[in-house]
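Observations on the three-dimensional arrangement
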Amino acid sequence: MGAQKRCLFSRDEIARRVAELGEGIGRDYPGRDLVLVGVLKGVFIFMADLVRALPFPVEVDFVRLCSYGAGTTTSGEVHITKDVEMSLRDRDVLIVEDIVDTGLTLAFLKQHLASHQPRSLKICCLIDKQERREVEVPLDYIGFPVEQGFLVGYGLDCGEGERTWPEIFVLERD
Ligand code: PRP
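Residues numbered from 1 in each chain as written. Predicted model: local features only at pLDDT ≥ 70, side-chain atom pairs only at ≥ 80, totals over all residues. Heavy atoms only, no water.

So, the nonpolar core
Applied cut-off: What we call a nonpolar core is a set of buried Ala, Val, Leu, Ile, Met, Phe, Trp, Tyr and Cys residues that are connected through their side-chain atoms within 4.5 Å. Buried means the residue's accessible area, taken with a 1.4 Å probe over protein chains only, is under 20% of the maximum for its type, while exposed means over 50%, and partly exposed covers the values in between. Numbering of helices and strands starts at the N terminus; helices are DSSP runs of H or I of at least 4 residues and strands are runs of E of at least 2.
The biggest cluster of nonpolar side chains holds 28 residues, and the ones touching the most others in it are I25, F46 and L50. At the level of secondary structure, the elements contributing two or more residues to this core comprise helix 1 (11-28), strand 2 (34-40), helix 2 (44-53), strand 5 (92-100), strand 6 (120-129), strand 7 (141-146) and strand 9 (168-173). Counting 20 residues, the second-largest nonpolar core is a separate cluster that includes L65, I95, V100 and L109.

Here we look at unusual backbone geometry
Residue K41 follows L40 across a cis peptide bond; omega there is -5°. Tracing the backbone shows K41 in the loop between strand 2 and helix 2. Residues other than glycine seldom take positive phi values, yet D90 does so here, at roughly 60°. The residue D90 is located in the loop between strand 4 (78-82) and strand 5 in this model. Here D90 falls in the exposed class, since its relative accessible area comes to 58%. Positioned with a positive phi, Y154 is a non-glycine residue whose angle comes to about 50°. Inspection of the secondary structure assignment puts Y154 in the loop between strand 8 (150-152) and strand 9.

Points about the site of the ligand
Under the convention used in this document: One heavy atom within 4 Å of a molecule or strand makes the whole residue count as near it. Pairs of N or O atoms are called polar contacts if they sit within 3.5 Å, as long as, within protein, a hydrogen donor faces a hydrogen acceptor (for residues adjacent in sequence, only side-chain-to-side-chain pairs). Where accessible areas are quoted, they stem from the Shrake-Rupley method and a 1.4 Å probe; at the residue level, only the protein chains shown are allowed to cover.
Taken together, 16 residues form the shell around the ligand, and within it E97, D98, T102, G103 and T105 come nearest. Measuring from an oxygen atom of the ligand, one finds a side-chain N or O atom of T105 at 2.4 Å. In isolation the ligand exposes 500 Å². Once the protein is present, 78% of that is buried. At the level of secondary structure, the elements contributing two or more residues to the shell around the ligand comprise strand 2, strand 5 and helix 3 (104-114).

Let's talk about the side chain of H112
We count it as follows: In what follows, a contact means two residues having at least one pair of non-hydrogen atoms within 4.5 Å.
Mapped onto the fold, H112 is located in helix 3. For H112, a relative accessible area of 18% puts it in the buried group. With near-sequence residues (within four places) excluded, H112 lies in contact with I80 and D83.

Here we look at the sheet that holds strand 3 (residues 59-67)
Whenever strands of a sheet pair, they do so through backbone hydrogen bonds, lying parallel or antiparallel. For clarity, the threshold we go by: Two strands make a pair as long as DSSP finds a minimum of two bridges between them. Lines fitted to the C-alpha atoms define the axes, with helices restricted to the stretch that makes contact. Angles between their N-to-C directions range from 0 to 180 degrees.
Here six strands make up an open sheet; going across it, the order is 4-3-2-5-6-7 and the pairing mixed. Bordering the open sheet on either side are strand 4 and strand 7, each of which pairs with just one other strand. Taking each pair of neighbouring strands and ignoring which way they run, the sheet shows an average axis angle of 30°. With six bridges connecting them, strand 2 and strand 3 associate as parallel partners. When the bridges of strand 3 are listed, L40 appears paired with R64. Lying on the sheet, helix 1 is in contact with strand 2, strand 5, strand 6 and strand 7; it crosses strand 7 at an angle near 145°. Seen against the sheet, helix 3 touches strand 2, strand 3, strand 4, strand 5 and strand 6 and runs at an angle of roughly 165° to strand 5.

A word on the pairing of strand 5
Defined as follows: Place the viewer so that the strands point away; then a crossover is right-handed whenever the path from the first strand over the helix to the second strand goes clockwise.
Across the nine residues of strand 5, eight count as buried, placing the element largely inside the fold. Here five bridges tie strand 2 to strand 5, and the two strands are oriented parallel to one another. In the sheet register, L36 faces strand 5, and the bridge partner there is L94. Alignment of strand 5 against strand 6, held across eight bridges, turns out to be parallel. Across the sheet, residue V93 finds its bridge partner in strand 6, namely L121. This β-α-β element, strand 5 to helix 3 to strand 6, shows right-handed connectivity.

See the structure below:
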């Protein structure tokens, strides 16, 4: 069984939305010392664009998380394969994620980073996909709310290669 791909968000639409997110975040953290913590691997393209859409320089760090049973079902068990490397204590921290699906990854990460005692801790995600949500996590900045679908491109993959596509596609079965 094959799959067709349909463009959901074009390069221009993504660029416009990322610029808006950058402006909004810029307004909310004036004169603050912001750290962006990206969730690898999917976030690397969004985060690269987002930091350049901000009106001030920020520091960046990354985590990588692994959730057992990822795929059609998940056990909800998340563990860290790469942790942050800088001190987040008393810093304003913004978690940056490409897509929120079940919410399990962010629920775990928010709790984990809160233990680093940041001054503030918020979340920015490019895509808020509601279809499989299991845990409600407050999302402070959302690029695109999406009801459902298997999305690839702009960092999102289903077999690695799609990550580098500049647009976001939804895969539809034939
Ligand atoms: C994806 C995505 C999020 C996570 C969201 O990562 O980048 O980190 O899944 O899923 P959840 O809300 O159901 O927890 P993935 O595990 O595919 O890793 P990748 O970013 O390295 O592709």
